[in-house]
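# Working through the structure, step by step
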Amino acid sequence: MEDRKELLGKVWRLYKNNELLFERDLKAIRSMEEMLARPKYKPEAGVKPVMEVKELCKKYKNGKNAVEAVKKVSFEVYPKEIVAITGTSGSGKSTLLHMLGGLDKPTSGEILVDGVNIAKLSDRKLSIFRNQKIGFVFQFFYLQPFLTLAQNVAVPAMINKMKTRARKERSEELAEAVGLSERLGHLPKELSGGQMQRAAIARALFNQPKILIADEPTGNLDSKNSAMILDLFQKVREQFGTTIIIVTHDDDIANLADRKLTMHDGELL
Amino acid sequence: MISVKNSLTLALTKLKARKIRNILTVVIASLMFAVLFFAVIVFEGFFAVSLPRFANETLSSKNMTVATMYDAISLFKNGKVSNEQKVVLDRYWNEDILARQRRSKELGLPFDEKAARKETQPYEAYEEDRPNELWPVDSAPAVKRLVKEQVAVEQETREQKIKKYVKNTKAVKVSKGYQLRAQSRQVFLKNQNGEYAFPTNKKSERKGRPDDRVPSVESLLLVPQEAYQAFLFNNNDWKAESKRVPIMLSINKVEYMLGLPKLSQDASPVEKSKRLQDIQKKSKDLIFSACYLNSVAMNQHSDALSYAKMTPVLQKDIKLAYAPIASNNCSVPQIMKDTRDAEDRKMENNSALFEHEFNGLEIQPEAQEVTFQVVGMLPPDRDYSEGLVDSTLRMLAGSADGENYVPMDMFMKLENRLDVQKMYAKPEVNNLENIEEVTDSRVFFFEYKTPELVKDALDLNVCANMHYGVFEGEKIPKEIEVRCKKYKPEFFASSFGSRAADLLSVKETFRQIILIVGAVFAAIATIIMMGTIGRVISDSRRETAVFRAIGFKRFDIIKTYLTYGLILAGVTAAVAFGLALLVANILNTQFAPMLTAKANWIYCVRNFDLKFTLIGLNGELLGMIVLAILVIGLVATGLPLTRNIRRNPIRDMRDE
């Protein structure tokens, strides 16, 4: 209920400052309210975690000084859970996210995904891991500007050499899931920011990853589109059973997750 | 790993994404490479297509050299008289002086020993400050005697020398020829009006530069069939009993003999072709004469001219006077006045006898007319007014170097051969049965399989120079020096017919120029391509990171960018080639007719269907350039890519 109050307070402040509030923003606020009102997902007791993070450390060398970006972080993520990692800028949340996605290697500690410690995988095996187990969503979408939406969504298929027909079917299925069926033949420049992010999510889901990792997925979107993306995450979790880890510095977004992990100075609070 | 099709799809997005930059790169790099392509196309068109096309059809495409033997020169090491030789020469000199003294006494002639010694001195100091370095005087009787003896000794090994040279230079065939030079006679050509140009007392009426096309038959080169076959008229009607010397003159000499004015250098291709055809048509009937006067007849003619100029008072004192030879008659001067007594006659006869015996001068005046029939035509001689294109073409095509060829086998069948030979005899030789007695100027025609071997054989001339010291201080390449050590050359060779070896050198020089220019342009193009591709790659860092996150392996990303680089390079190569071909075509349309006309003339063609082209497409060479461009594309991509791929993808991904 407090979250709701905070949200309403925010809207009131905006209203008072005469900054915005159009119909669509009100709609977004309403949809966020709805989302907040939904009961949080709780994994059943005894379910094995999809990801176990144990004593994870990451040290950088910044000139002569060693910087400890992540300090002995341990947590578990369960199947179908939406976990938000939040914190201020420089708190180490992105570093942690990259390690979870197999883009960066920890200095020490373990990241077990399906019982496999991805911290110990070779570069080649990590590539395969990322392709098959992880889906990434970024703040700036990074769609290929001269590929159609269908082609963009199917980029991950280039690696596992999926047959053209299967690829087409999968693209259509995902486009429908993210509400872009009508836009399959369009180029990114013909899409709105929200649509581009939805396309990016479709791309991330292409290889049916177990975990979807989203780095500030709404950082570049307005409130309406942000709400839609978060709604989509819920839908994805329900439809595909995907576990979602979101890194955000926006508390409003974090509050929508099932669980919120807050980082400060490289540690989990 | 991603498939080729997928990497192609992604690479194409790179091309589309940076359209302007990519187009600019292709345009600039294409211009650079187009220069290279253009140079190669024109180079091939000129050297590999056009020149051989003309050479094969016309001028003997055989790889030949003409060589003279080093008989006489080899006698004097480094061209100098050795101490031993000096002793022999001194002895011969003294013997000669004694013989002259004795004979003068017998004939009742005055004898000045000092003057005779000076006249017959067999050697002289090379330089005043090096009095011990003596050089032989070729004309001295003592030197001639020594050389003659040496040649007589060497005669036995001549065949062996040829065999050795053939083996050393890898010649496939050797044939003999002779260089005939009228040494004791002056030759006058009959002009269009039927007049000989004997000297007169009239001041020269000719103004300006004399026509450089006037032929001279003072020198004839007797050539074997393989050397002249290419120039012989197909259906010439020369007969051995015609008593006409079969001769081949250069095309410009024939032009002159036909009374045709010289064509201007600016004459159109049509005019040039017409002239060539005209000459070829008329030259078959070309017959001309020359009058050979011996020294006695020449002296009498000169005396007659002097006499004519004298005042009557002075003329009175002259006992024997001749009339000058009439310009329309090849005959000896007629006596106009003879008031000599018996003693005068005896002294003059004895003096002439002495000169004949010791200096090889003839006693009786002689004038003989020899008729020539043109049986073939040689490429043009050097024309001093020709332009750069003509002189380059002529240099590459080769010429007869001002020589007149006489087909040797035809000459040997000539009924009046001995009379003709006599005109070219050395002064001391009187009875001529064997051609070798005429002169010792034998020449040898060596034939080779490749132009490279011709070049090798010509390179050996340096050995001869080195050995005999003909050109002291000449810089000798190391590898030739090594060859020279193994082998003492006996011949001095020159190009004959086609300039196979020169062509090879010129081609090599052009090739090197193209290589250097090409390397510079390629370097510039590489820098441009590297700049663009590098920029594209560094601009795509985030994209690369995303690909990595999606699961692309490093190699997949490398493959995508390399495909991009390859496409860019491929398009550059295609545009460059197209551009070069276009410019070459324009150039060809512009200059090919002119070059064809020039080549027709210079190669003296009979087949007028031959066309000169500036376009030669050597697949191998062009393929190599395309390959080089593709490699440049790969290198230009690879270098920035290596840097990029090593970067941490997460750094690039975050907008920090």
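Residues numbered from 1 in each chain as written. Chains lettered and ligands numbered in written order. Predicted model: local features only at pLDDT ≥ 70, side-chain atom pairs only at ≥ 80, totals over all residues. Heavy atoms only, no water.

## Let's talk about the overall build of chain B
- Helices and strands together make up the secondary structure of chain B, namely 23 helices and 14 strands.
- The burial tally for chain B puts 48% of its 656 residues in the buried class.
- Summarising the internal contacts of chain B: among those between residues at least 6 apart in sequence, 81% fall at separations of at least 24.
- Carbon together with sulfur atoms contributes 55% to the accessible area of chain B, which is approximately 32800 Å² in total. (Helix = DSSP H or I, 4+ residues; strand = E, 2+ residues; numbered from the N terminus. Buried < 20%, exposed > 50% of the residue type's maximum accessible area, 1.4 Å probe, protein only. Contact = heavy atoms within 4.5 Å. Areas by Shrake-Rupley, 256 points an atom, 1.4 Å probe, with all protein chains shown as cover.)

## Some words on the overall build of chain A
- When its secondary structure is counted, chain A shows 10 helices and 10 strands.
- Within the span of chain A, comprising 269 residues, buried residues form 51% of the whole.
- Per element, the accessible surface of chain A, about 13200 Å² overall, is 49% carbon and sulfur.

## Focus on a nonpolar patch on the surface
- A contiguous nonpolar surface patch, about 550 Å² in accessible area, is contributed by B:Ile20, B:Ile23, B:Leu24, B:Val27, B:Ile28 and B:Leu31.
- Secondary-structure assignment places B:Val27 in helix α2 (residues 19-57). (Patch = residues over 30% accessible without salt bridge, like charges linked within 9 Å, V, L, I, M, F, W, Y side chains within 5 Å. Salt bridge = Lys/Arg side-chain N within 4 Å of Asp/Glu carboxyl O.)

## Digging into the pattern of salt bridges
Residues and elements named next belong to chain B.
- Considering all chains together, one arrives at 34 salt bridges over all chains under this definition.
- The partner of arginine 117 in a salt bridge is glutamate 113, and the shortest N-O contact between them spans 3.3 Å. In this pair, arginine 117 and glutamate 113 both sit in helix α4 (residues 113-119), four residues apart, roughly one turn of the helix.
- Since its relative accessible area comes to 25%, arginine 117 is described here as partly exposed.
- Between glutamate 226 and lysine 173 there is a salt bridge, and its shortest N-O distance comes to 3.3 Å.

## Some remarks on the sheet that holds strand β5 (residues 116-117) of chain A
Residue and element names in this part refer to chain A.
- Spatially, β2-β1-β4-β5 is the arrangement adopted by the four strands of the open sheet, whose pairing is antiparallel. Edge strands, defined here as strands with exactly one partner in the open sheet, are β2 (65-77) and β5.
- Pairing geometry for strand β1 (residues 51-62) and strand β4 (residues 108-113), over five bridges, is antiparallel. Note on β4: the bridge partner recorded for lysine 54 is glutamate 110.
- The sheet strands contacting helix α3 (residues 93-100) are β1, β2 and β4, and the helix crosses β1 at an angle near 120°. (Pairing = 2+ DSSP bridges. Axes fitted to C-alpha atoms, helices over the stretch in contact; angles between N-to-C directions.)

## Some thoughts on the confidence of the model for chain A
- Overall, the prediction assigns chain A a mean pLDDT of 83, with 90% of residues at 70 or greater.
- When mean pLDDT is compared element by element in chain A, β4(A) scores highest at 92, while helix α1 (residues 2-16) of chain A scores lowest at 66. (pLDDT = per-residue confidence, 0-100.)

## Concerning the packing of aromatic side chains
Residues and elements named next belong to chain B.
- Applying the stated rule across the entire model yields 25 aromatic pairs over all chains.
- A ring pair is formed by phenylalanine 354 and phenylalanine 358, whose centres lie 4.7 Å apart and whose planes are at 35°; its orientation type is tilted. Of the two residues, phenylalanine 354 and phenylalanine 358 are both situated in helix α12 (residues 342-359); the distance of four residues between them amounts to about one turn of the helix.
- Judged by relative accessible area, phenylalanine 358 falls into the buried class, the value being 19%.
- A network of ring pairs unites the aromatic residues Phe43, Phe46, Phe47, Phe54, Phe510, Tyr603 and Phe612 as a single cluster.
- Residue placement shows arginine 117 over the ring face of tryptophan 93; its charged tip is 5.2 Å from the ring centre.
- Over the aromatic face of tyrosine 92 sits the side chain of arginine 145, whose NZ or CZ is 3.7 Å from the ring centroid. (Phe/Tyr/Trp six-rings, centres within 6.5 Å; stacked < 30°, edge-to-face > 60°. Lys NZ or Arg CZ within 6 Å of the ring centre and 35° of its normal.)

## Description of the interface of chain A and chain B
- Residue-level contacts link 28 residues of chain A with 26 residues of chain B.
- With both sides pooled, the region where chain A packs onto chain B buries about 2600 Å², and carbon together with sulfur makes up 63% of that total.
- Summed over the three residues of chain A that lose the most area to chain B, namely A:Tyr142, A:Phe146 and A:Met158, the buried surface amounts to 24% of that side.
- In this structure, the connection of chain A to chain B is made through two salt bridges.
- Viewed at the interface, chain B and chain A are joined by five residue pairs in polar contact (both at pLDDT 80 or more).
- Counting residues per element, the ones that place at least two in the side of chain A that touches chain B are α3, α4 (123-133) and α6 (157-160) of chain A. (Buried area = accessible area lost by both parts, 1.4 Å probe. Polar contact = N/O pair within 3.5 Å; in protein donor to acceptor, adjacent residues only side chain to side chain.)

## Describing helix α3 (residues 83-107) of chain B
Residue and element names in this part refer to chain B.
- The end-to-end C-alpha separation of α3 is 36 Å, in line with the 36 Å expected for 25 residues at 1.5 Å each.
- Among all positions in α3, only Gln85, Leu89, Tyr92, Trp93, Asp96, Ile97, Ala99, Arg100, Arg103, Ser104 and Leu107 are buried.
- Glycine 108 sits one or two positions beyond α3 and adopts a positive phi of about 70°. (Expected span 1.5 Å × (residues − 1).)

## Examining the environment of B:Lys262
Residue and element names in this part refer to chain B.
- Within the secondary structure layout, lysine 262 lies in the loop between α8 (251-257) and α9 (269-282).
- Assessed through its relative accessible area of 34%, lysine 262 is described here as partly exposed.
- When the C-alpha atoms of lysine 262 and arginine 213 are compared, they prove to be 8.7 Å apart, with 49 residues separating the residues in sequence.

## A few points about the environment of B:Asn201
Residues and elements named next belong to chain B.
- Checked against the element boundaries, asparagine 201 lands in the loop between β5 (185-189) and β6 (219-223).
- With 105 residues separating them in the primary sequence, asparagine 201 and serine 306 have C-alpha atoms 8.3 Å apart.
- Once residues within four sequence positions are removed from consideration, asparagine 201 is found in contact with Leu305, Ala308 and Lys309.
- A distance of 2.9 Å separates the side chain of asparagine 201 from the backbone oxygen of leucine 305, its partner in a polar contact.

## A word on the pairing of strand β7 (residues 244-250) of chain B
Residues and elements named next belong to chain B.
- Judged by how many residues are buried, β7 sits mostly within the fold: six of seven residues are covered.
- When β7 meets strand β11 (residues 367-378), the two strands line up parallel, connected through seven bridges. Bridge pairing in β11 links serine 250 to leucine 378.

## Comments concerning the packing of α4(A) against helix α20 (residues 541-550) of chain B
- Interaxial distance between α4(A) and α20(B) falls to 6 Å at its minimum, and their mutual angle equals 80°. The orientation of α4(A) with respect to α20(B), classified from their angle, is roughly perpendicular. Along its contact with α4(A), which presents A:Asp123, A:Ser127, A:Arg130 and A:Asn131, the element α20(B) presents B:Arg548, B:Ala549 and B:Ile550.
- Across the contact of α4(A) with α20(B), the residue classes break down as two nonpolar, two polar and three charged. (Parallel < 35°, antiparallel > 145°, perpendicular 65-115°, else oblique. Nonpolar A, V, L, I, M, F, W, Y, C, P; charged D, E, K, R; others polar.)

## Some words on the side chain of B:Arg548
- Structurally, the position occupied by B:Arg548 is in helix α20.
- A distance of 3.4 Å separates a polar side-chain atom of B:Arg548 from the backbone oxygen of B:Phe552.

## Here's the deal with the sheet that holds strand β3 (residues 82-87) of chain A
Residues and elements named next belong to chain A.
- Judged by pairing direction, the sheet is mixed, and its six strands sit side by side in the order β6-β7-β8-β3-β9-β10 without closing on themselves. Every interior strand has two partners, whereas the edge strands, β6 (134-137) and β10 (267-268), have only one.
- In this structure, strand β7 (residues 211-215) lies alongside strand β8 (residues 243-248), joined through five bridges in parallel fashion. Opposite isoleucine 211, over in β8, you have threonine 243 as the bridge partner.
- Across the sheet, helix α8 (residues 193-205) lies against β6 and β7, angled at about 165° from β6, the strand it touches most.

## Considering the state of the cysteines
All names here are of chain B.
- Counted by the stated rule, this structure contains one disulfide over all chains.
- Cysteine 291 shares a disulfide with cysteine 330; S-S distance 1.9 Å. Handedness here is read from the sign of the S-S torsion; for cysteine 291 and cysteine 330, about 80°, the answer is right-handed. One end of the pair, cysteine 291, is in strand β8 (residues 287-294); the other, cysteine 330, is in the loop between β9 (320-323) and β10 (334-338), and 39 residues separate them in sequence. The pair cysteine 291 / cysteine 330 is uniform in exposure class, with both members buried. (Disulfide = S-S within 2.5 Å.)

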